Amino acid sequence: LPTLIRKKRDGERLEDAEIRSFVHGVTEGTAQQGQIGAMLMAIRLRGMDAGETLALTQAMASSGRTLAWPPAWHGLVVDKHSTGGVGDKVSLALAPALAACGCKVPMISGRGLGHTGGTLDKLEAVPGFCISQSPEEMQHILERVGCCIVGQSAELVPADRVLYGLRDVTATVDSLPLITASILSKKAAERLAALVLDVKFGGAALYPTQESARELARSLVDVGTHLGIRTAALLTRMEQPLGRAVGNTLEVLEALECLEGGGPPDLRHLVTVLGGVLLWQCGMEQGAEQGRKRLTRALDDGSALGKFEAMLGAQGVPPDTARDLCTGTPTQRRQLLGEAKMALPPVFLSPHVAVSPTPVPPGWVQEVRALPLARVLHHLGAGRERAGDPVNLRVGAELLVGTGQHLRAGQPWLRVHHEGTLSAERRHELQDALCLGPEPPRDLPPLVAETILPSEP
């Protein structure tokens, strides 16, 4: 292993067998943590070409068990992955909507880390929901329902669990080949027919610019295609929260609105566009636009909501709870999931009034920046610094305004749900999230900036 580390450190190319040897050492525990960290840093600094990245992904995918599906499901097994954002509850609506369209969706999701939320945390806000399912249990749920959302099993891609944990403490999280291999090794182990990737960019995303996000998306699409998965990626903006709810419990409530055919327009748009691409990629529709229309019908006719209720029941939620959550009023749903001890009186345009009597002038909402909002909620307990840290599922915020809306002085724009004290410093941070201007914003950029498809058939 020291020879391989030295080779990559000096900028040389690793052969496929050498990469397999490294991953074997990681999986079997024969590689020391210091050696693994040194290799990760060498990869981060020197990079990997497309062939090396593919070999690393394949070695990681085969480090554990791979899933197997009935022949009748050929071409129907699909999944979606997001690089992480604020208010991103797309998976909660997309998986059951795809199942309602006839797909099989074995979605292996993660927990939130830092300022970004995690799908598993959101679902654990539902009483009784069990994220731990064996491959056999996953297949049983897919047979009955068509979708499941689970955590990564100890049997699947064990090399990724080791490398993922060490990337965080070795400052190698942003390495393009390591990100590519981490994401796609799990998808390869799922034996997917098609995969769509939501690669976010902007102030609250892993990649700040569209150009840097495009580079990752191209790597993911090309490697995924070489793995035999029909792969596409959408570059989407993450400057503002997706939807109007941020925080685990609140996002479940908003996802239910989407599953009923309503909800915020940006959330509905992203769910249907991502789903439309998947239905096209797996051959169920002639094009992405036809797929989007089919996804829209599944949301509007109640079939997607029915699949969500069935998935909840199949993953441990008591039938009465699942039914009441999916058919109840907003008030009943809030009572079922529980609420934070304090729903702070809405934050106003002039929260600084105790410091300065000067009122903040009225204006037009240009944007609500996601990052400061997410950081305050993280401080209040909604997020975690390291894997394993506890989170308060009920902490969150509701946006009461949207881009292009005119605000009067003193008009409320945000409601914060928390169980502690919101200091003056945190209020200032929240106020910084609200960007006002003297005129309405013009030429708002589209949420989906670009679609990346395989460069070769």
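Numbering of residues starts from 1 in every chain and runs along the sequence as written. With pLDDT at 70 or above as the cut-off, local features in this predicted model cover only qualifying residues; side-chain atom pairs require 80 or more to be listed or tallied, and sums for whole chains, interfaces and linings still use all residues. Working from all heavy atoms in the structure, the side-chain values ignore hydrogens and water.

A short note on the packing of helix α11 (residues 248-259) against helix α16 (residues 330-337)
Here comes step 1: Put simply, α11 and α16 touch, their axes get as near as 11 Å, and they point 145 degrees apart. Two packed elements cross with a definite hand, and for α11 against α16 that hand is right-handed. Between α11 and α16, the contacting residues are Thr-249, Leu-250, Val-252, Leu-253 and Leu-256 on the first element and Arg-333, Arg-334 and Leu-337 on the second. Angles here are taken between N-to-C directions and fall from 0 to 180 degrees, while the axes themselves are lines fitted to C-alpha atoms, restricted in helices to the stretch in contact. Secondary structure elements follow DSSP: runs of H or I no shorter than four residues count as helices, runs of E no shorter than two count as strands, and numbering proceeds from the N terminus. Helix crossings are classified by the rotation of the near helix relative to the far one: an anticlockwise turn of less than a right angle makes the crossing left-handed, while a clockwise turn makes it right-handed. Working rule for contacts: check all heavy atoms of both residues, and any pair within 4.5 Å makes them a contact.

Observations concerning the side chain of Gln-133
Here comes step 1: Summarising the element assignment, Gln-133 is placed in the loop between α6 (119-123) and α7 (135-144).
Here comes step 2: Polar contact is defined as a pair of N or O atoms within 3.5 Å, subject to the rule that within protein one atom must be able to donate a hydrogen and the other to accept it, and that residues adjacent in sequence are counted only when both atoms are side-chain atoms. Side-chain polar atoms of Gln-133 contact the backbone oxygen of Cys-130, separated by 3.2 Å.
Here comes step 3: Residues contacting Gln-133, with those up to four places away along its chain left out, are Met-138, Ile-141, Val-150 and Gln-315.

Focus on the pattern of salt bridges
Here comes step 1: The salt bridge criterion pairs a side-chain nitrogen of Lys or Arg with a carboxyl oxygen of Asp or Glu, the two atoms within 4 Å. The final tally for this structure, using the stated rule, is 25 salt bridges.
Here comes step 2: Linking Arg-268 and Asp-300 is a salt bridge whose minimum nitrogen-to-oxygen distance equals 2.9 Å. Here Asp-300 lies in helix α13 (residues 288-300) and Arg-268 lies in helix α12 (residues 265-281), a separation of 32 residues in the sequence.
Here comes step 3: Overall, Asp-300 belongs to the partly exposed group, its relative accessible area being 43%.
Here comes step 4: Across the salt bridge formed by Asp-320 and Arg-323, the nearest N and O atoms sit 3.1 Å from each other. Linking Asp-320 with Arg-323, this pair stays in helix α15 (residues 319-327), spanning three residues, or about one helical turn.
Here comes step 5: Judged by relative accessible area, which is 47%, Asp-320 ranks as partly exposed.
Here comes step 6: By sharing partners, the salt bridges in this structure join Arg-65, Glu-136 and Glu-155 into a single network. Burial classification: accessible surface area is computed with a 1.4 Å probe over protein chains only, and a residue below 20% of its type maximum counts as buried, one above 50% as exposed, and the rest as partly exposed.

Digging into helix α10 (residues 210-226)
Here comes step 1: The span you would expect from a helix comes to 1.5 Å times its residue count less one. A rise of 1.5 Å per residue sets the reference length of α10, with its 17 residues, at 24 Å; its end C-alpha atoms lie 24 Å apart and thus fit the reference within 8%.
Here comes step 2: Restricting attention to buried positions, one finds in α10 the residues Gln-210, Ser-212, Ala-213, Leu-216, Ala-217, Ser-219, Leu-220, Val-221, Val-223 and Gly-224.
Here comes step 3: On the buried face of α10, the contacting elements are α4 (50-61), α9 (176-189), β4 (194-201), β5 (230-237) and β13 (448-452).
Here comes step 4: In the stretch just after α10, Gly-228 is the one whose phi turns positive, near 90 degrees.

A closer look at the confidence of the model for the protein
Here comes step 1: A residue's pLDDT is simply how confident the predictor is in it, with values from 0 to 100. For the protein, the average pLDDT comes to 90, and 93% of its residues sit at 70 or higher.
Here comes step 2: Segment residues 348-359 is flagged for pLDDT under 50; beyond a separation of four residues in sequence, or across chains, it makes 21 contacts in the model.

Some details on the state of the cysteines
Here comes step 1: Any two cysteine sulfur atoms lying within 2.5 Å of each other are counted as a disulfide. Enumeration according to the criterion identifies zero disulfides in this entry.
Here comes step 2: Looking at Cys-103, it has no disulfide partner, and the nearest cysteine sulfur is the one in Cys-282, 4.3 Å off.
Here comes step 3: The exposure class of Cys-103 is buried, given its relative accessible area of 1%.

Side note on the domain arrangement of the protein
One frequently used descriptor of interface size is the decrease in accessible area upon assembly of the parts.
Here comes step 1: Where a domain begins and ends is set by an automatic assignment or by a domain database. When its domains are assigned, the protein resolves into domain 1 (1-47), domain 2 (71-331 + 448-452) and domain 3 (347-437).
Here comes step 2: Summarising the inter-unit geometry, the C-alpha centres of domain 2 and domain 3 are found 27 Å apart.
Here comes step 3: On the side of domain 3, 29 residues touch domain 2, which itself brings 25 residues to the contact.
Here comes step 4: The term buried area means the drop in 1.4 Å probe accessible area that two parts suffer when joined, counted for both and summed. Carbon and sulfur atoms make up 55% of the surface buried where domain 2 meets domain 3, a total of about 1900 Å² over both sides.
Here comes step 5: Of all residues in domain 2, Gln-240, Arg-244 and Leu-250 give up the largest surface area on contact with domain 3, accounting jointly for 29% of the area buried on that side.
Here comes step 6: Viewed at the interface, domain 3 and domain 2 are joined by zero salt bridges.
Here comes step 7: Counting every contact that joins domain 2 to domain 3 gives six residue pairs in polar contact (both at pLDDT 80 or more).
Here comes step 8: Elements supplying a minimum of two residues to the side of domain 2 that touches domain 3: α8 (158-169), β6 (245-246) and α11.
Here comes step 9: Three categories are distinguished: nonpolar for Ala, Val, Leu, Ile, Met, Phe, Trp, Tyr, Cys and Pro, charged for Asp, Glu, Lys and Arg, and polar for the others, with Gly belonging to the last. Split into classes, the residues belonging to the side of domain 2 that touches domain 3 amount to ten nonpolar, nine polar and six charged.

Considerations on the sheet that holds strand β1 (residues 78-82)
Here comes step 1: Across the sheet, which stays open at both edges, the four strands sit in the order β1-β4-β5-β13 with mixed pairing between neighbours. This sheet does not close on itself; its edge strands, each paired only once, are β1 and β13. Strand after strand, the sheet turns through a mean of 15 degrees between neighbouring axes, direction not considered.
Here comes step 2: Only when DSSP finds a minimum of two bridges between them are two strands counted as paired. In terms of strand pairing, β5 meets β13 through four bridges, oriented antiparallel. Along β13, the bridge assignment pairs Leu-234 with Thr-451.
Here comes step 3: Of the strands in this sheet, β4, β5 and β13 touch α10, which is tilted by about 165 degrees from β5.
Here comes step 4: α12 contacts β1, β4, β5 and β13 of the sheet and is inclined by roughly 145 degrees relative to β4.

Some words on the side chain of Lys-122
Here comes step 1: Take Lys-122: it is sitting in helix α6.
Here comes step 2: Judged by its relative accessible area of 2%, Lys-122 falls in the buried class.
Here comes step 3: In this structure, Lys-122 is in contact with Asp-88, Lys-89, Leu-92, Gly-117, Asn-248, Glu-251 and Val-252, ignoring residues within four places of it in sequence.

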